[in-house]
Protein chains: 2
Amino acid sequence: MASTIVFFSVKKTAQTTTRRCLKGLAHSPSVSLLPGGRWSSRGTGVRFMSQGTAAGRSRRGALALSAAAAVTAATAVAGFLANADHFQRAEMATSVPQTAEKKKKKDYEDEGDIVERCKDFMSVPVTDIKVLQERKQEMSTKMEMLIMETQAEFCKALQEVDGGTFKVDRWDRKEGGGGISCVMQDGKVFEKAGVNVSVVFGNLTEEAAKQMRSRGKVLKGKDGKLPFCAMGVSSVIHPKNPHIPTVHFNYRYFEIEEADGTKQWWFGGGTDLTPVYIDKEDAHHFHKTLKEACDQHHPQYYPDFKKWCDRYFFVRHRGETRGIGGIFFDDLDSPNQEQVFKFVKSCARTVVPCYLPIVYKHLSDSFTAEEKDWQQVRRGRYVEFNLVYDRGVKFGLATPGSRIESILMSLPLTARWEYMHEPPKGSREAEMLEVLRNPKEWV
Amino acid sequence: MASTIVFFSVKKTAQTTTRRCLKGLAHSPSVSLLPGGRWSSRGTGVRFMSQGTAAGRSRRGALALSAAAAVTAATAVAGFLANADHFQRAEMATSVPQTAEKKKKKDYEDEGDIVERCKDFMSVPVTDIKVLQERKQEMSTKMEMLIMETQAEFCKALQEVDGGTFKVDRWDRKEGGGGISCVMQDGKVFEKAGVNVSVVFGNLTEEAAKQMRSRGKVLKGKDGKLPFCAMGVSSVIHPKNPHIPTVHFNYRYFEIEEADGTKQWWFGGGTDLTPVYIDKEDAHHFHKTLKEACDQHHPQYYPDFKKWCDRYFFVRHRGETRGIGGIFFDDLDSPNQEQVFKFVKSCARTVVPCYLPIVYKHLSDSFTAEEKDWQQVRRGRYVEFNLVYDRGVKFGLATPGSRIESILMSLPLTARWEYMHEPPKGSREAEMLEVLRNPKEWV
């Protein structure tokens with residue numbers, strides 16, 4: 001476990017399509033992969049979106065449904081960079097989805113061929129496949145492959161249950177990088193489902209870099225500028241049936257290089273559930289699945305990150321949490337890069353097993369107009385949290401040139417605000433409110 | 001016109017229900033009332049809500065539909081005061097509504113008996129009627145009567161066209177003052193209609209007082225505290241038919257007393273229209289009515305306040321105004337109190353003639369599902385403005401103990417967010433967007 005992190009200098013290539021993520025190499029091969037196989041039922045035989053070739057970037061035009069449509073929601077990150085002077089940490093999300101059914105277990109990110117693995121993605125990756133191959137051992141490559149896999153597996157699992165198809169938009173960021181936005185709207189099961197990847201890079205001001213880290217470390221840049229790279233996958237799924245909860249997840253990775261060549265890196269992320277009605281079994285399953293993933297890495301992860309989640313997703317003016325939580329963490333950079341990556345990978349791989357069993361369980365639940373109404377009221381609260389408190393959304397909206405459609409993709413298709421809505425005592429709606437007002441331990 | 005403002009010291013009475021608004025007396029009786037009769041077709045014979053008696057406050061229990069329901073939206077003001085350390089100017093609204101049909105013209109606020117005038121209100125006023133009678137000549141009394149009349153006339157005009165009835169909630173503010181909230185939800189014509197009055201008083205910190213004024217004047221308080229009084233009427237009306245626009249108005253008055261006895265006072269307000277489709281005739285009527293009211297007081301009022309309105313109601317991240325504007329002003333304290341009050345009175349009296357003719361015109365317009373959909377998308381934008389930019393809402397939500405239901409009453413009953421929604425070129429939806437992206441002159 002005595003691994004150390006070795007970073008090399010950034011090496012810019014003449015190739016304009018080259019990813020400029022900081023060239024880092026974490027050498028801790030002695031740390032064996034943690035089991036996690038439980039969640040790694042990876043999809044096979046799914047829609048072949050793109051050939052993994054070095055010409056990937058140039059094929060963007062064909063993949064994007066429209067130029068204007070080429071946006072993704074993980075782009076609070078992209079938003080960041082458009083206005084580094086007012087930089088704050090945006091919320092990105094990372095999570096590796098998997099199909100619900102049992103599929104072959106394979107640790108792609110360590111053994112598989114990059115080109116082969118890319119065939120399962122929703123789109124060619126943001127970074128040229130050739131560059132990914134050349135830098136296979138770098139953390140930025142491992143993370144980009146993880147977020148692309150997460151996106152693909154989750155999208156495919158959702159398509160399988162819905163019967164619909166995701167619209168895939170691929171976009172470029174003028175200042176460096178881009179993203180892939182997958183959206184399914186008004187499906188059979190899902191009212192609105194968005195799964196987004198973004199990989200962005202460029203330069204930050206020192207002030208922006210400081211604000212990026214929640215611990216606010218002071219970083220020294222060369223001429224005040226710090227090269228950085230940020231990537232993540234984020235998703236919000238709003239189902240139609242009020243008995244199927246909304247889910248959100250978000251896994252992200254940052255690298256910043258200081259003037260003296262020191263590299264700062266950290267991971268952040270989380271997965272949380274927002275039911276309309278409390279189903280204790282669902283809540284227990286969701287939290288237990290997350291806890292098991294966390295416990296493989298550190299016994300304090302689940303209790304700490306569960307608390308952090310309840311604190312973060314809090315609609316202060318209502319005195320309610322947004323949902324029943326899950327986990328949330330930020331600025332994670334110890335014990336070492338490889339270990340944290342493995343933790344993030346475990347988390348990303350819990351997304352499908354956390355959520356899909358709940359979707360299938362309630363797929364045929366009947367519901368009344370009143371239950372639909374209560375769902376719409378809760379959707380209104382979701383909008384309140386996202387527009388008033390969410391750091392990523394707030395930063396993105398305040399940043400000129402950011403991709404609004406991506407940032408606001410997390411909003412539900414429909415929402416409702418009733419004056420003085422208060423469920424009758426003893427109702428299932430009141431039971432839900434009670435839990436939101438007093439977060440519970442579910443495991 | 002050489003009138004001056006004379007303020008007397010605050011005189012607290014032993015009576016606990018006494019209004020503690022700064023005792024000010026503006027003596028410019030030489031300034032004759034401006035015509036404005038055009039708008040002053042005041043309601044008669046409407047529902048008798050309450051006897052105007054000194055015991056008004058004690059009858060609150062009977063009037064409020066529930067204790068918790070006793071909230072109003074003009075309460076960004078109330079919110080202010082709950083946390084003076086983080087004080088910012090909240091948005092309050094004032095506007096005197098009138099019934100659409102011709103009624104007897106009467107300058108109640110100058111000639112009528114207080115008790116008689118109160119009979120037409122939606123509730124007993126916040127301040128005891130006895131106190132209002134004793135301080136008939138004070139600006140705070142004149143303004144409280146004006147906002148109560150505005151609320152009553154507008155509510156009655158809306159009830160008349162809808163056939164429904166407003167729910168009237170009366171609430172007390174622990175620290176001083178209270179409000180009256182009138183809400184009609186899911187009516188025949190109106191999806192959600194809210195008309196609110198609030199009259200609040202107490203003490204501000206110097207920092208809070210500074211932030212209250214948009215010009216940020218430094219005010220000196222006794223031991224750092226400044227007695228203040230704030231009141232206003234505010235309203236947002238969301239109709240069901242997408243051919244009937246949403247309207248918002250807000251008229252307010254502030255008084256602050258410095259340590260040396262100097263009194264600061266100012267008025268603010270505005271009325272603006274948010275159509276779903278452009279109807280040039282409506283836009284012209286709305287702006288022309290406002291311009292005529294403004295022109296009676298100053299030739300620069302309409303052009304200046306029209307620009308201010310377009311600047312204020314701007315959804316920056318969309319690059320769109322919220323609607324087609326109207327007027328917006330703040331911090332207005334010249335040429336003198338009486339003159340500004342008369343201007344505000346003229347504005348308040350334009351609310352019904354600005355809006356009701358448009359409602360009646362489109363009352364029977366048929367509409368398609370697609371038009372309803374576009375309305376819902378525009379409602380989403382309305383929510384975005386109110387939650388992300390509106391100063392009153394932002395301040396209110398950030399203030400512990402503020403009345404959330406009142407602050408968020410401005411939100412529509414229903415709203416919609418479609419990913420990458422872009423109306424086809426040449427459509428009426430695209431025409432609307434074009435106007436929002438490039439505000440027009442309508443008069």
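Description of the structure in this document. (Residues numbered from 1 in each chain as written. Chains lettered and ligands numbered in written order. Predicted model: local features only at pLDDT ≥ 70, side-chain atom pairs only at ≥ 80, totals over all residues. Heavy atoms only, no water.)

1. Comments concerning helix α15 (residues 428–437) of chain A
Basically, it comes down to this: Only protein chains enter the area calculation, which uses a 1.4 Å probe; residues under 20% of their type maximum are buried, those over 50% are exposed, and those in between are partly exposed. Counting from the N terminus, the helices are the DSSP runs of H or I reaching at least four residues and the strands are the DSSP runs of E reaching at least two. Throughout, a residue-residue contact means that at least one pair of heavy atoms, one from each residue, lies within 4.5 Å.
For α15 of chain A, the full list of buried residues reads Glu-429, Ala-430, Met-432, Leu-433, Val-435 and Leu-436 of chain A. Residues of α15 of chain A that are buried in the fold lie against β10 (320–321) and α12 (369–388) of chain A.

2. Brief notes about the relation of the copies chain A and chain B
Our working definition: The atoms used to superpose the copies are C-alpha atoms, taken from residues with pLDDT of at least 70 in both, and the fit is least squares.
Rotating chain A by 180° and translating it 0.0 Å along the rotation axis places it on chain B, where the RMSD comes to 0.0 Å. Read as a symmetry element, the transformation amounts to a two-fold axis. Relative to the rotation axis, the closest C-alpha in chain A is found at Ala-415 of chain A, a distance of 2.7 Å. The overlap is high: 100% of the interface residues of chain A also sit at the interface in chain B, so the same surface is used on both sides.

3. Points about the pairing of strand β8 (residues 263–274) of chain B
All names here are of chain B. The condition is simple: We call two strands paired when DSSP finds no fewer than two bridges between them.
With 12 of 12 residues buried, β8 is to be regarded as a mostly interior element. Residues Lys-263, Trp-265, Phe-267, Gly-269, Thr-271 and Leu-273 point to one face of β8 and Gln-264, Trp-266, Gly-268, Gly-270, Asp-272 and Thr-274 to the other, with burial holding for every one of them. Note that strand β7 (residues 246–257) and β8 share 12 bridges and pair antiparallel. From the neighbouring strand, Arg-252 faces β8, where its bridge partner is Gly-268.

4. Considerations on the sheet that holds strand β11 (residues 325–332) of chain A
Residue and element names in this part refer to chain A. Operational definition: All axes here are fitted lines through C-alpha atoms, helices being fitted over the stretch that makes contact, and every angle between N-to-C directions spans 0 to 180 degrees.
The strand order across the open sheet built from seven strands is β3-β4-β5-β6-β7-β8-β11, with neighbouring strands paired in antiparallel fashion. Since the sheet does not close on itself, it has two edges, and those belong to β3 (167–172) and β11, each with one partner. Taking each pair of neighbouring strands and ignoring which way they run, the sheet shows an average axis angle of 10°. On the sheet, helix α8 (residues 280–295) packs against β7 (246–257), β8 (263–274) and β11 and is oriented at approximately 30° with respect to β11.

5. Focus on unusual backbone geometry
Note the cis peptide between Ser-334 of chain A and Pro-335 of chain A, where omega equals 10°. Mapped onto the elements of the fold, Pro-335 of chain A is located in the loop between β11 and α10 (337–348). Even without being a glycine, Asp-186 of chain A presents a positive backbone phi close to 55°. Secondary-structure assignment places Asp-186 of chain A in the loop between β4 (177–185) and β5 (190–205). The phi dihedral of Asp-331 of chain B is positive, around 60°, even though this residue is not glycine. With respect to the element layout, Asp-331 of chain B can be found in strand β11 (residues 325–332). What makes Asp-331 of chain B buried here is its relative accessible area of 5%.

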